[in-house]
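If you want the building blocks of each chain, they are given just below.
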Amino acid sequence: MPLAQLFRTKSIDAIMGQSDFDGAALRKVLGPLSLVALGIGAIIGTGIFATIGSASAGDASRPGAGPALVLSFVLTAGVCGFTALCYAEFASMVPVAGSAYTYAYATLGELVAWIVGWDLLLEYAIGNTAVAIAWAGYADAFLRGLHVNLPAWLIADYRTAASARPWVLAQAPHVFGVPIVFNALAVLIVALLTVLLVWGVRESARFNGAMVVVKLAILAFFVLVSMRFVAPANWHPVAPNGFSGVGAGAAIIFFAYIGFDAVSTCAEECKNPSRDMPVGILGSLVVCTLIYVVVAAVFSGLIPYSELVKLDETQRSEALAVAMTYARMPGWMVGVVALGSVVAQTAVLLVFQLGQARILLAMARDGVLPPFFARVHPRYRTPHVATIATGLLVGGVSAFANIDEMVDLTNIGTLFAFIIVCFGTIVLRFREPLRARPFRVPFGPVIVPGLGILSCLALVAYLPPASWARFVAWLVVGLALYATYGFRRSRLRIGAATGR
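Residues numbered from 1 in each chain as written. Predicted model: local features only at pLDDT ≥ 70, side-chain atom pairs only at ≥ 80, totals over all residues. Heavy atoms only, no water.

(A) Layout of the environment of I48. With respect to the helices and strands, the residue I48 is situated in helix α4 (residues 46-57). By relative accessible area, which is 0% here, I48 ends up buried. Separated by 293 residues in the primary sequence, I48 and S341 place their C-alpha atoms 8.9 Å from one another. Setting aside its immediate chain neighbours within four residues, I48 contacts F73, A256, Y292, V295 and L320. (Helix = DSSP H or I, 4+ residues; strand = E, 2+ residues; numbered from the N terminus. Buried < 20%, exposed > 50% of the residue type's maximum accessible area, 1.4 Å probe, protein only. Contact = heavy atoms within 4.5 Å.)

(B) Structural view of helix α16 (residues 319-326). Across the 8 residues of α16, 6 count as buried, placing the element largely inside the fold. Taken as a whole, α16 has its buried residues at A319, L320, A321, V322, A323 and M324. Residue R328 follows α16 closely and has a positive phi angle near 60 degrees.

(C) Summary view of the packing of aromatic side chains. Evaluated as defined, the whole model comprises 16 aromatic pairs. Seen from their ring centres, Y257 and Y292 are 5.2 Å apart, and the 85 degrees between their planes marks the pair as edge-to-face. In this pair, Y257 is assigned in helix α12 (residues 242-257) and Y292 in helix α13 (residues 273-302), connecting sequence segments 35 residues apart. Comparing Y257 with Y292 shows no difference in burial state: the two are buried. Among the aromatic residues, those joined into a ring-pair cluster are Y87, F90, Y103, F254 and F418. (Phe/Tyr/Trp six-rings, centres within 6.5 Å; stacked < 30°, edge-to-face > 60°.)

(D) Representation of the pattern of salt bridges in the model. Summed over the entire model, instances satisfying the criterion amount to 6 salt bridges. Across the pair R437 and E89 runs a salt bridge whose closest N-O atoms are separated by 3.2 Å. Separated by 348 residues along the polypeptide, R437 in the loop between α19 (403-431) and α20 (447-461) and E89 in helix α5 (residues 69-93) bring together distant segments of the chain. Taken individually, R437 and E89 each receive the classification buried, so the pair is uniform in this respect. (Salt bridge = Lys/Arg side-chain N within 4 Å of Asp/Glu carboxyl O.)

(E) Broad picture of unusual backbone geometry. Note that the residue after H236, namely P237, is joined by a cis bond; omega there is -5 degrees. Checked against the element boundaries, P237 lands in the loop between α11 (201-226) and α12. With a phi angle near 60 degrees, R328 is a residue other than glycine that sits in the positive phi range. Within the fold, R328 resides in the loop between α16 and α17 (331-365). The backbone phi angle of F443 is positive, close to 65 degrees, even though this residue is not glycine. Summarising the element assignment, F443 is placed in the loop between α19 and α20. By relative accessible area, F443 is classed as exposed at 67%.

(F) Just the side chain of S92, in detail. In this structure, S92 sits in helix α5. Only 3.0 Å separates the side chain of S92 from the backbone oxygen of E89, close enough to count as a polar contact. Once residues within four sequence positions are removed from consideration, S92 is found in contact with P273, S274, M277, P278, P438 and F439. (Polar contact = N/O pair within 3.5 Å; in protein donor to acceptor, adjacent residues only side chain to side chain.)

(G) Quick peek at a nonpolar patch on the surface. On the surface, a cluster of nonpolar side chains totalling about 330 Å² of accessible area is made up of F443, I447 and L451. Following the sequence through the fold, I447 ends up in helix α20. (Patch = residues over 30% accessible without salt bridge, like charges linked within 9 Å, V, L, I, M, F, W, Y side chains within 5 Å. Areas by Shrake-Rupley, 256 points an atom, 1.4 Å probe, with all protein chains shown as cover.)

(H) Fine view of a positive patch on the surface. Together, R27, R202, R206 and K271 make up a region of like positive charge exposed at the surface. Mapped onto the secondary structure, K271 falls in the loop between α12 and α13. (Lys, Arg positive; Asp, Glu negative; His and termini not counted. Charge placed at Lys NZ, Arg CZ, Asp CG, Glu CD.)

(I) Structural view of helix α21 (residues 465-489). In this model α21 runs 35 Å from its N-terminal to its C-terminal C-alpha over 25 residues, within 8% of the 36 Å that 1.5 Å per residue would give. Most pronounced at Y482, the bend in α21 amounts to some 50 degrees. Among all positions of α21, only S467, F471, W474, G478, Y482, G486 and F487 are buried. (Expected span 1.5 Å × (residues − 1). Bend = angle between axes of the 7 residues up to and from the residue.)

If you want it as structure tokens, here you go:
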């Protein structure tokens, strides 16, 4: 029956056997340190350098957390911790590219897997547009510190310029009366990283490792040099908008934690996934949470909440640099932190681009996307077509998009995928209780995944209604694509129909 075909699952054994698709396997080169570094590289970036401003100050549709931002980080870490344990169990058991998409296919069926894969586009590709936009803002601040001033129309999106900075439109060149405004810096960094990712996963991991060392050193520098400029009076009132502000802040900075799950997309390229995948996922989450709490406490002591609420969208995306400037710290210190943001967000862009390409690879292997996405470069052993397609999408959207809209859309899509992973963990525990699990979620099959589902739903409730509307529209488009292509070309459905 058609309905049964929509929810047909693929066995884990079949998924494992498909990893060498048409003789084009990925290269197994990653160890535990590389995986932890990839996790840190993906997590620490835009969230701590950019969305920390919106989470603390709030915006037109929700209140800010104020100095209680530290509690928002702890709250979000707890939510992600439940889900991270579920990811660790799946990744150690099903070490193939695809992440939550593959896990959903094994537990809840093809239609749910497609929806999750489509949602992961929000997390990785669309989410990366927000990272690219924030990267461009800090790169511009760093260049200004070197007395390199780019034209404003090359570092802004049209909607922000039209609503908050109309002088940018006036200064921009016009073609047939239309002002040309786009984020050229965002496009440039996406293009450069796409080339690196096509070159090889080992080279990409080494580059990421170097950037992780640099950005951790610069965050340590920010904390150390800022401590003597912290004014305890800025921590009062601690929670100017009560728990509603803390909850809204947690929903915003959830974006800061997206990334630990990107480690799972590299499972197929891991040398010992049953041991190293849980280390990479959980280890990177713990390290980043400790760093976030310290940085948030120092940041909220540099600038009072009353000043944060006066910042426009562009200033909030450069929150750490703005706070240091407000505290009258020397310009060279601000420049060092701006450089740190550029490095940090470069690593995030790299890992998310890497993860998205591998999800497209997994979906193409199953036939629900065109087969050219499953092509692996004969020399570099990377999914080069999927990598280039991701680069074109991220670069194109980041040229014109608004960062706050991209963050909200990414958050709701990712929370939905997290809910599916937690639910899938419960389903598979009861469906295949005897299957070997190198890592097991503690306290039984229901408690931790159940808490993960409930906490993700709680964060979704704090997202603005507009993000729900965009999410529903995104799902409608995805379902239309599945109905017209994915369902008809699915290898699982065709194999069942032909008896192969």
